[in-house]
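Here is how the chains run, residue by residue.
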Amino acid sequence: MPVNLSGKKYYEFLTTNPLVKRMRFTFGKFAITPEVYAKVAERLVPEYLQNQPEIKLKGPVSEGATATYDMAYDTLALPSGFDLTSARDQSKFVHECTHIYIDDLHLGGFANALNEAVAYTAEAVFGIMAGLAPEKAGEASNDLIFKTSYALGSLIVQQGVTTVPTEWQTRMIEVVAKSAHYSVKPKETISNGRQRDLIRTIFR
């Protein structure tokens, strides 16, 4: 059987990138550290003997679509043109890998707005360290997610805040929940530690 190396470059990025190695903050019960991303990296490379990664890489997804991690199928879809040498794409990748970490925690059902708030904060922290400005989503409530997460990221990166204050947690969650993009999505997500049923395993 040929060796599956599809996740190798992503593994190397998560375990060697100097900015990932500087990721360190807590958002409520979620602790974002370099070790978290190193563990995620292991999910993207083949398991011993079975030659299958725990997280399956899919893509490219449709033009204009964003990177997406599906907790039900344990699949990471990357958009057409995704470039791991681009700082912006790297920040998006960190966002999705944060979801993989959260899935690993096997929390059961919890608020999707919280799930996204943590991931957007991680994306912003990485983005600020990489010298990026907040992204423009083209719709005011969606733009506000990036403005708020980058403001919070500045506290973490530039002011050395390592524990996100409760008021900032609440602000981030509310901004996500009320945005045009997420207000129409399911309110709950399920962190199941990659416990798939047979159908999802077959069709992922």
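It should be emphasised that the depicted structure is a prediction, and the values quoted were computed from it without experimental measurement.

Tracing the sequence through the fold places Phe-126 in helix α4 (residues 112–129). Put simply, Phe-126 and Arg-22 are 104 residues apart on the chain and 8.6 Å apart in space, counted from C-alpha to C-alpha. Aside from chain neighbours lying at most four places away, what touches Phe-126 is Phe-13, Asn-17, Leu-19, Val-20, Met-23, Ala-87, Gln-90, Ser-91 and Val-94.

A word on helix α3 (residues 87–104). Its 18 residues give α3 an end-to-end C-alpha distance of 26 Å, which sits within 8% of 26 Å, the value for a rise of 1.5 Å per residue. A large share of α3 lies buried, amounting to 15 of its 18 residues. Two residues or fewer after α3 comes His-106, characterised by a positive phi angle close to 55°.

All told, the structure shown has 8 aromatic pairs when counted by the stated rule. Note on Phe-82 and Phe-93: the rings are 6.3 Å apart at their centroids and 55° apart in plane angle, and the pair reads as tilted. With Phe-82 in the loop between β5 (75–79) and α3 and Phe-93 in helix α3, this residue pair connects regions lying 11 residues apart in the sequence. You'll find Phe-82 and Phe-93 in the same group, each marked buried. Relative to Tyr-182, the ring of Tyr-120 lies with its centre 6.0 Å away and its plane at 85°, an arrangement referred to as edge-to-face. Of this pair, Tyr-120 sits in helix α4 while Tyr-182 sits in the loop between α6 (166–178) and β7 (188–191), and the two are 62 residues apart along the sequence. In this structure, Tyr-120 and Tyr-182 share a single accessibility class: buried. Taken together through their ring pairs, the aromatic side chains of Tyr-10, Phe-13, Phe-82, Phe-93 and Phe-126 make up a single cluster.

Leu-14, Met-23, Phe-25, Phe-27, Tyr-37 and Phe-93 are the most contacted members of the largest nonpolar core, which has 50 residues in total. For this core, the element with the highest residue contribution is α4, accounting for 9 residues. The contacts of Phe-27, once residues within four sequence positions are left out, are Leu-114, Ala-117, Val-118, Thr-121, Leu-152, Val-164, Gln-169 and Met-172.

Now for the pattern of salt bridges. Tallying each qualifying case throughout the model produces 6 salt bridges. A salt bridge links Lys-39 to Glu-42, with the nearest nitrogen and oxygen atoms 3.5 Å apart. Of this pair, Lys-39 and Glu-42 both sit in helix α2 (residues 34–43), separated by 3 residues, roughly a single helical turn. Given a relative accessible area of 39%, Lys-39 falls into the partly exposed group. Close ionic contact of Glu-54 with Arg-43 constitutes a salt bridge, the shortest N to O distance being 3.2 Å. With Glu-54 in the loop between α2 and β3 (56–61) and Arg-43 in helix α2, the pair connects residues that are 11 residues apart, well separated along the chain.

Cut-offs applied
- Residues numbered from 1 in each chain as written.
- Predicted model: local features only at pLDDT ≥ 70, side-chain atom pairs only at ≥ 80, totals over all residues.
- Heavy atoms only, no water.
- Helix = DSSP H or I, 4+ residues; strand = E, 2+ residues; numbered from the N terminus.
- Contact = heavy atoms within 4.5 Å.
- Expected span 1.5 Å × (residues − 1).
- Buried < 20%, exposed > 50% of the residue type's maximum accessible area, 1.4 Å probe, protein only.
- Phe/Tyr/Trp six-rings, centres within 6.5 Å; stacked < 30°, edge-to-face > 60°.
- Core = buried A, V, L, I, M, F, W, Y, C linked by side-chain atoms within 4.5 Å.
- Salt bridge = Lys/Arg side-chain N within 4 Å of Asp/Glu carboxyl O.

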